[in-house]
Amino acid sequence: MCTLPVGMAAAGAAIGAIGNISAGRAAAANASRNAALYEQQAALRMEQAQYEIGKQDRLYRRQAGNVQAQISASGIDPRSFSDVLADDAAENKLAKDAIAWSAQNDASQLRFQAQSQRIAGRDAVRASYFGAASSIVGGFTNYYGMQARGVRASSGFAVSSVE
């Protein structure tokens with residue numbers, strides 16, 4: 001029986017299989033970390049939007065206050081400026097809606113990237129199992145190939161019995 005070549009074929013197959021599975025798990029862990037970062041960025045983008053909406057509101061109130069003060073100082077009936085004030089309010093709402101829409105769009109894209117990372121991680125693990133199986137099958141193939149060629153053990157080295 002040729003124990004050294006058999007042992008080497010088995011060890012090579014085992015090392016290859018373990019390496020494939022380890023690489024798959026590492027890729028999955030990395031993908032999971034990336035997904036968490038994308039989710040965090042999405043949440044931060046929504047918080048940033050709330051800040052920007054508040055900032056837009058403060059700017060509008062300040063400008064509306066200035067307009068009201070100018071109207072009062074002019075001595076003209078404030079009701080004649082109602083269309084202007086309504087238009088300013090509509091513009092403010094439009095600006096806030098645009099900020100919110102942009103943030104929701106950005107956050108949605110970030111969440112999609114997070115989901116893509118999770119899928120890539122799962123796929124890496126699955127692929128690693130196929131790679132491990134391939135390594136094991138390759139080890140058996142090497143073993144049976146040696147058997148077919150008549151490789152035998154002699155002095156710790158594999159030597160062919162063909163003369």
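Residues numbered from 1 in each chain as written. Predicted model: local features only at pLDDT ≥ 70, side-chain atom pairs only at ≥ 80, totals over all residues. Heavy atoms only, no water.

**Remarks on the overall build of the protein chain**
So, point 1. Looking only at helices and strands, one finds two helices and two strands in the protein chain.
So, point 2. What you see in the protein chain, going N to C, is helices and strands ordered as α-α-β-β.
So, point 3. Looking at the 163 residues of the protein chain, the share that counts as buried comes to 20%.
So, point 4. A sequence separation of at least 24 residues applies to 79% of the contacts in the protein chain between residues at least 6 apart.
So, point 5. With the model as given, the accessible surface of the protein chain reaches about 11000 Å², and the carbon-plus-sulfur share is 59%. (Helix = DSSP H or I, 4+ residues; strand = E, 2+ residues; numbered from the N terminus. Buried < 20%, exposed > 50% of the residue type's maximum accessible area, 1.4 Å probe, protein only. Contact = heavy atoms within 4.5 Å. Areas by Shrake-Rupley, 256 points an atom, 1.4 Å probe, with all protein chains shown as cover.)

**Observations concerning the pattern of salt bridges**
So, point 1. Scanning the entire structure with this criterion turns up six salt bridges.
So, point 2. Its salt-bridge partner being arginine 118, residue glutamate 39 comes within 3.5 Å of it at the nearest N-O pair. Of the two residues, glutamate 39 sits in helix α1 (residues 3-74) while arginine 118 sits in helix α2 (residues 82-149), which places them 79 residues apart along the sequence.
So, point 3. With relative accessibility at 32%, the residue arginine 118 sits in the partly exposed group.
So, point 4. Linking aspartate 123 and arginine 126 is a salt bridge whose minimum nitrogen-to-oxygen distance equals 3.2 Å. Taken together, the positions of aspartate 123 and arginine 126, both in helix α2 and three residues apart, correspond to about one turn of that helix. (Salt bridge = Lys/Arg side-chain N within 4 Å of Asp/Glu carboxyl O.)

**Some details on the environment of glycine 12**
So, point 1. Mapped onto the fold, glycine 12 is located in helix α1.
So, point 2. The class for glycine 12 is partly exposed, based on a relative accessible area of 42%.
So, point 3. Residues glycine 12 and glycine 138, spaced 126 residues apart in sequence, show a C-alpha to C-alpha distance of 9.1 Å.

**A short note on a positive patch on the surface**
So, point 1. On the surface, a cluster of positive charge is contributed by Lys55, Arg58, Arg61 and Arg62.
So, point 2. Mapped onto the elements of the fold, lysine 55 is located in helix α1. (Patch = residues over 30% accessible without salt bridge, like charges linked within 9 Å, V, L, I, M, F, W, Y side chains within 5 Å. Lys, Arg positive; Asp, Glu negative; His and termini not counted. Charge placed at Lys NZ, Arg CZ, Asp CG, Glu CD.)

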